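Residue-level listing of the chains:
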Amino acid sequence: MSKDPDTGEPVTIKPYEAPSGGWGSVKSLVDILPREGSLLRSGTALLLQNKPNGFVCPSCAWAKPEKPNTFEFCENGAKATAWEMTPKTVTPAFFRQHTVSELLTWPDYNLEEAGRLTHPMRYDPETDRYRPVSWGDAFAEIGRELRACDPKAVVLYLSGRASLEASYMYALFGRLMGTNNFPDSSNMCHESTSVALPASIGSPVGTVDLEDFEKTDCIMFFGQNVGTSSPRMLHQLQDARKRGVPIITFNPLKERGLLTFTNPQSPTEMLSGESTRISTQYHQVKAGGDLAAVMGLCKAIVAADDAAIASGDPRILDVDFIATHTHGFEDFAAETRRHDWADLERQSGLTRKNLEAAAAVYMRSSAVMGVYGMGLTQHRTGVENCQMLINLLLLRGNIGKAGAGICPVRGHSNVQGQRTVGITEKPELVPMDKLRELYKFEPPHDKGLNTVEACEGILKGDVKAFIGLGGNFIRAIPETDAIEAAWSRIRLSVQISTKLNRAHLIRGEVSYILPCLARTDIDLQKTGKQAVAIEDSTAFIHGSRGVRTPVSKDLLSEPRIVAEMAKATLPPNPHIDWDAWCDDYALVRDKIEATYPEQFKDFNARMFKPGGFPRPVPARNRVWKTKTGKANFIVPRGLDENPDMPSDSIDVLRLMTLRSNDQFNTTIYGYDDRFRGVKGTRKIVFMNQHDIDRLALKDGDIVTLTTIAADMKREVSGLRIIAYDIPEGCCGGYYPECNPLIPLWHHAEHSKVPAAKSIPVTISLSV
Ligand SMILES: Nc1nc2c(c(=O)[nH]1)N[C@H]1C(S)=C(S)[C@@H](COP(=O)(O)OP(=O)(O)OC[C@H]3O[C@@H](n4cnc5c(=O)[nH]c(N)nc54)[C@H](O)[C@@H]3O)O[C@H]1N2
Ligand SMILES: Nc1nc2c(c(=O)[nH]1)N[C@H]1C(S)=C(S)[C@@H](COP(=O)(O)OP(=O)(O)OC[C@H]3O[C@@H](n4cnc5c(=O)[nH]c(N)nc54)[C@H](O)[C@@H]3O)O[C@H]1N2
Ligand SMILES: [Mo]
């Protein structure tokens, strides 16, 4: 049996035939919980996950029902909780034992697996080690450095976990300093949604809530891997299926969670082995073929409507809705007629017959939901992809009615909420007048840097200070090799984290690791145990309380760290009492409410309402806050997904970077991807057998991927070919291992989300 070159673990590749959920998910937990030494502790803790008196799962952002199950968690949520609650620690003694040069040779898995960070540390170049520092000294130096810096050269990154309270304070801190440089993880994720939806329907977030799942009669699923990325949603999908609701999936890969599901929380299903078929139609669209596929659906629907007019039959389109609520229909309809089926088939990789079959189900249904994830957003046409899906929904009035709507499935557990409370580089999205009125200062007006622009600034040497509130920036971004090399030009690099990762090891001139409490930790401040709030994917706000005693007394909460940095950097402001806010987070929530009165009415009183409280989303009620005052049909500029893809070369494949079932972003829980049948390695490339044959390669060959780009060489080597059920012309590898292949400029137009799902690559045997 062969072994993984990095880990020495045996590698096996065997198709996984079992349903998602089921005993496989139980076994996976039985494996990981004891390994993290947290079976007992997290066993009881898990009962409090996503409950009104407990904590909100630190994993994904999927909605939390009003009446939770006894076990309102999934395999991956439980993994995330166990990983966070590990009793293992990374103490000053750990850093005495390991130089940073040595740690740089560790895989991502081993870095994080070492345990929870316990003490603030400062890098010492003389010994090449991180050394303990007092919180007081750390904040004093960080403040001094930031004061010496042009605020436009300071970058404040945020990963999507920090609470609404911490995020609001972080945004305020930056704006008081004078910058709108707030790149965040959403810039690599659903920013395409945040740009697409306002233009289409006048609201940056989805319009669907959990009740809609009970009323829908058709779900269309695009590029979201529910079984791994948001497994709790499988309960809603299963319930819908049991009502006979069709689910039509568009995904290049046959993902297990979208095929069948056994509810691991149902004793009957577990014992009988009964499973539910999830997708009723499964279309293996080419990576980047969705624009063409959805255009094909729309073409079939418009054609059916044209035929109905001709024959005097009832109309297919919702003509009243289109007339009253939309703008741009005629142009869009003309566009659908203009496209040729042969082109649509070629670009989508799907047949006309199959697209018409999907359109037929759509036309029969009276309340259709469009659900999607990274398969739509992480493309050059990420914004158009989302808008095209809305076009489809608008044809039959499927927005703003019960059981219908658009449902972007968000990633990090509070990524959506951070936007709501001011984390954005776009000043026009922030109520600056409110900030001016509340805190008596002049907020910065100029546009700040998003993630791609921050990377450009780092490469140019313009960024002088980088603060990361959570996340693993260096590993998550594209062009990782070049950015790592440029990082040493940053003067101040501060990472506020729970666990060790590569971002800590790539240093600036002055580098700090500041360890913080995690969401599952009890957060004790002067007025007692604190709660925080987060917003889920469906725009419901939930309270969360930590349940376990922190692993170290030297951890500070994220709000406290932000407050201390602010105090050390900024002149005192009589209108902001940072200390009082940290003593009692309810005061921060009062300020959030004062800043966003419509969104957060009675915030403190409502935050523990079972099921959360909804933030108003105007499009839910067919109020369109767009320039036209209507929902807009938006014609894509073309269906060609990838301008970076040479159209003439058959040797070039489209690489999708994927998550395994054993990771949360750059956090690697293990080397198995159960649902895809891969065990013991992450160094793989999934390929279609015809492509393997055509390129004169073999299943199991070890190969190098090279990006097609003229500006510089980008390669990742040592990947094992796995023959896989994937459309011809496409291949798949894991994120973050493949990130060095993504050019920084290869991103969605308008949203600048790195196009991580269609990187043009060639494949050759590794030497
Ligand atoms: N367990 C776990 N849960 C997570 C995460 C995690 O890493 N692990 N990450 C969290 C975060 S931050 C996010 S953003 C979400 C991400 O969750 P998802 O949105 O599910 O993202 P991915 O897993 O990257 O890929 C999604 C799917 O897109 C498909 N796909 C790729 N290219 C295309 C295409 O061109 N068209 C179509 N139609 N499909 C395509 C892939 O086959 C894959 O099934 O999950 C969140 N939840
Ligand atoms: N090629 C490719 N690249 C991608 C993607 C892809 O699909 N393909 N997906 C993109 C997406 S969708 C996203 S969201 C980004 C993710 O990018 P990030 O959000 O930056 O990355 P994570 O891996 O989620 O960050 C993990 C680290 O967060 C820290 N952490 C965990 N919990 C907490 C906490 O409670 N507080 C603090 N302060 N720190 C904490 C830990 O130290 C951990 O090491 O990656 C993007 N990059
Ligand atoms: Mo994400």
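All of these numbers come straight from a predicted model, not from anything done at the bench. Counting starts from 1 at the beginning of each chain's written sequence and moves along it residue by residue. Here the convention is simple: chains get letters from A, ligands get numbers from 1, in the order in which they are written. Where totals are concerned, whole chains, interfaces and linings use all residues; where local detail is concerned, this predicted model gives features only for residues with pLDDT of at least 70, and gives and counts side-chain atom pairs only at 80 or more. Only hydrogens and water are set aside; all other atoms, that is, all heavy atoms of the structure, feed into the side-chain values.

Topic: the overall build of the protein
Each helix and strand counted, the protein has 31 helices and 33 strands in total. Relative to the 2.2 N^0.38 estimate, which gives 27 Å for 767 residues, the radius of gyration of the protein is 25 Å and therefore close to what a compact globule would have. A principal-axis box enclosing the C-alpha atoms of the protein has dimensions of 80 × 60 × 55 Å. Burial here depends on accessible area, computed with a 1.4 Å probe over protein chains only, as a share of the maximum for the residue type. Under 20% is buried, over 50% is exposed, and the range in between is partly exposed. Taken across its 767 residues, the protein has 65% of its residues classed as buried. Here, two residues are considered to be in contact whenever any of their heavy atoms come within 4.5 Å of each other. Once local pairs closer than 6 in sequence are excluded, the contacts in the protein between residues at least 24 apart make up 78%. What sets the accessible areas is the Shrake-Rupley method with a 1.4 Å probe; for residues, cover comes only from the shown protein chains. Carbon and sulfur atoms make up 53% of the accessible area of the protein, which totals about 26,500 Å². Elements are defined by DSSP. Helices are runs of H or I of four residues or more, strands are runs of E of two residues or more, and each kind is numbered from the N terminus. In this treatment the radius of gyration is a C-alpha quantity, and the globule benchmark scales as 2.2 Å times the residue count to the 0.38 power.

Section: the site of ligand 1
Around ligand 1, the structure places 30 residues, and the nearest of them are Glu255, Gly288, Asp290, Gln663 and Asn665. The backbone of Thr228 places a nitrogen or oxygen atom 2.9 Å from a nitrogen atom of ligand 1. Against a free-state accessible area of 920 Å², the protein chains account for coverage of 99% of ligand 1. When residues of the shell around ligand 1 are traced back to their parent elements, those giving at least two are helix 11 (226–229), helix 19 (374–377), strand 25 (653–658) and strand 26 (663–664). Under this grouping Gly is polar, as are all residues other than the nonpolar Ala, Val, Leu, Ile, Met, Phe, Trp, Tyr, Cys and Pro and the charged Asp, Glu, Lys and Arg. Among the residues forming the shell around ligand 1, the class breakdown is eleven nonpolar, 15 polar and four charged. In terms of domain composition, the shell around ligand 1 takes at least three residues from each of domain 2 (200–409) and domain 3 (653–765). Being near a molecule or strand, for a residue, comes down to having at least one heavy atom within 4 Å of it. Each polar contact in these results corresponds to two N or O atoms within 3.5 Å; when the atoms are within protein, one needs to be able to donate a hydrogen and the other to accept it, and residues that are neighboring in sequence are counted only if both atoms are side-chain atoms. Residue ranges for the domains originate in an automatic or database domain assignment.

Section: the domain arrangement of the protein
By the assigned domains, the protein splits into domain 1 (89–189 + 414–600), domain 2 (200–409) and domain 3 (653–765). Taking only C-alpha atoms, the centre of domain 1 and the centre of domain 3 are 31 Å apart. With 25 residues of domain 1 at the interface, the matching set in domain 3 holds 20 residues. At the boundary of domain 1 with domain 3, total buried surface from both sides reaches about 1,900 Å², with 55% on carbon and sulfur atoms. Buried area counts how much accessible surface, traced with a 1.4 Å probe, disappears from two parts once they are put together, with both parts' losses summed.

Describing the sheet that holds strand 23 (residues 613–614)
Judged by pairing direction, the sheet is antiparallel, and its three strands sit side by side in the order 21-22-23 without closing on themselves. The open sheet has two edge strands, strand 21 (531–535) and strand 23, and neither has a second partner. Of the pairings in the sheet, the one linking strand 21 to strand 22 (residues 540–545) comprises five bridges and is antiparallel in character. If you follow Glu535 over to strand 22, its bridge partner there is Ile541. Set on the sheet, helix 8 (residues 164–177) makes contact with strand 21 and strand 22; between it and strand 21 the angle comes to about 85°. Strand pairing requires that DSSP identify at least two bridges connecting the strands. To get an axis, a line is fitted to the C-alpha atoms, and for a helix only the part in contact is used. The angle between two axes follows their N-to-C directions and goes from 0 to 180 degrees.

Quick notes on the site of ligand 2
Among the 32 residues in the neighbourhood of ligand 2, the closest are listed as Glu112, Tyr157, Glu558, Thr666 and Tyr735. At a separation of 3.1 Å, an oxygen atom of ligand 2 approaches a polar backbone atom of Gly471. Residue Asn739 places a side-chain N or O atom 2.7 Å away from a nitrogen atom belonging to ligand 2. Taking 930 Å² as the accessible area of ligand 2 by itself, protein coverage stands at 96%.

Observations concerning the sheet that holds strand 6 (residues 129–132)
As summarised here, the arrangement of the six strands in space is 6-5-18-17-16-7, forming an open sheet in which the pairing is mixed. The sheet terminates laterally at strand 6 and strand 7 (154–158), the two strands that pair on one side only. Taking the axes of each pair of neighbouring strands and ignoring which way they run, one obtains an average angle of 20° across the sheet. Bridge count between strand 17 (residues 492–497) and strand 18 (residues 510–515): six bridges; the pairing is parallel. Looking across to strand 18, one finds that Leu492 is bridged to Val510. Helix 27 (residues 558–569) rests against strand 16 (465–469), strand 17 and strand 18 of the sheet, and its axis sits at about 160° to strand 16.

Things to note about helix 7 (residues 135–147)
By definition here, a helix of n residues has an expected span of 1.5 Å times n minus one. Taking 1.5 Å per residue, 13 residues should reach 18 Å; helix 7 reaches 18 Å between its end C-alpha atoms and fits that length. Residues of helix 7 that are buried: Trp135, Ala138, Phe139, Glu141, Ile142, Gly143, Glu145 and Leu146.

Let's talk about the pairing of strand 9 (residues 247–250)
Along strand 9, one buried face is formed by Ile247 and Thr249 and the opposite face, lined by Ile248 and Phe250, is buried too. For strand 8 (residues 218–222) and strand 9, the ladder comprises four bridges, and the chain directions are parallel. Considered in strand 9, the bridge of Met220 is made with Ile248. Where strand 9 meets strand 12 (residues 281–283), three bridges bridge the pair, whose relative direction is parallel. Looking at the pairing, Phe250 lines up with His283 of strand 12.

A closer look at the side chain of Gln378
For Gln378, the position within the fold is in the loop between helix 19 and helix 20 (382–395). Only 2.7 Å separates the side chain of Gln378 from the side chain of Lys757, close enough to count as a polar contact. Residues in contact with Gln378, not counting those within four places in the same chain, are Met188, Val753, Pro754, Ala755, Ala756, Lys757 and Ser758.

Details of the pattern of salt bridges
The term salt bridge refers to a pairing of a side-chain nitrogen on Lys or Arg with a carboxyl oxygen on Asp or Glu at a separation within 4 Å. For the structure shown, the criterion picks out 44 salt bridges. Residue Arg337 pairs with Asp306 through a salt bridge whose shortest N-O separation is 2.8 Å. With Arg337 in helix 16 (residues 329–338) and Asp306 in helix 14 (residues 290–311), this pair connects stretches of sequence that are 31 residues apart. For Asp306, a relative accessible area of 28% gives the class partly exposed. The residue Glu384 makes a salt bridge to Arg637 at a minimum N-O spacing of 2.5 Å. You can see Glu384 sitting in helix 20 and its partner Arg637 sitting in the loop between strand 24 (631–632) and strand 25, a full 253 residues away along the chain. Within the structure, one salt-bridge network assembled from shared partners comprises Arg560, Glu564, Lys567, Asp579 and Asp583.

Considerations on the packing of aromatic side chains
Each pair of aromatic rings taken from Phe, Tyr and Trp, with Trp reduced to its six-membered ring, is defined by centres within 6.5 Å and is described as stacked if the planes are under 30 degrees apart, edge-to-face if over 60, and tilted in the remaining cases. In total, this model carries 26 aromatic pairs according to the counting rule given. Here the aromatic rings of Tyr157 and Phe473 are separated by 4.9 Å at their centres, their planes lie at 70°, and the arrangement is edge-to-face. Here the residue Tyr157 occupies a position in strand 7, and Phe473 occupies one in helix 24 (residues 473–476), the gap between them amounting to 316 residues. The pair formed by Tyr157 and Phe473 is uniform in burial state, with each residue classed as buried. On the basis of an interplanar angle of 20° and a centroid distance of 5.4 Å, the ring pair of Phe332 and Phe633 is categorised as stacked. Residue Phe332 is located in helix 16, and its partner Phe633 is located in the loop between strand 24 and strand 25; the two are separated by 301 residues in the primary sequence. Comparing Phe332 with Phe633 shows no difference in burial state: the two are buried. Every member of this aromatic cluster is reached through a ring pair, and the members are Phe94, Phe95, Trp106, Tyr123 and Tyr130. For a lysine, the NZ atom is tested; for an arginine, the CZ atom; a charge sits over a ring if that atom is within 6 Å of the ring centre and within 35 degrees of the ring normal. Residue placement shows Lys254 over the ring face of Tyr282; its charged tip is 6.0 Å from the ring centre. A cation over an aromatic ring shows up here: Arg545 above the ring of Phe608, its NZ or CZ 4.1 Å from the ring centre.

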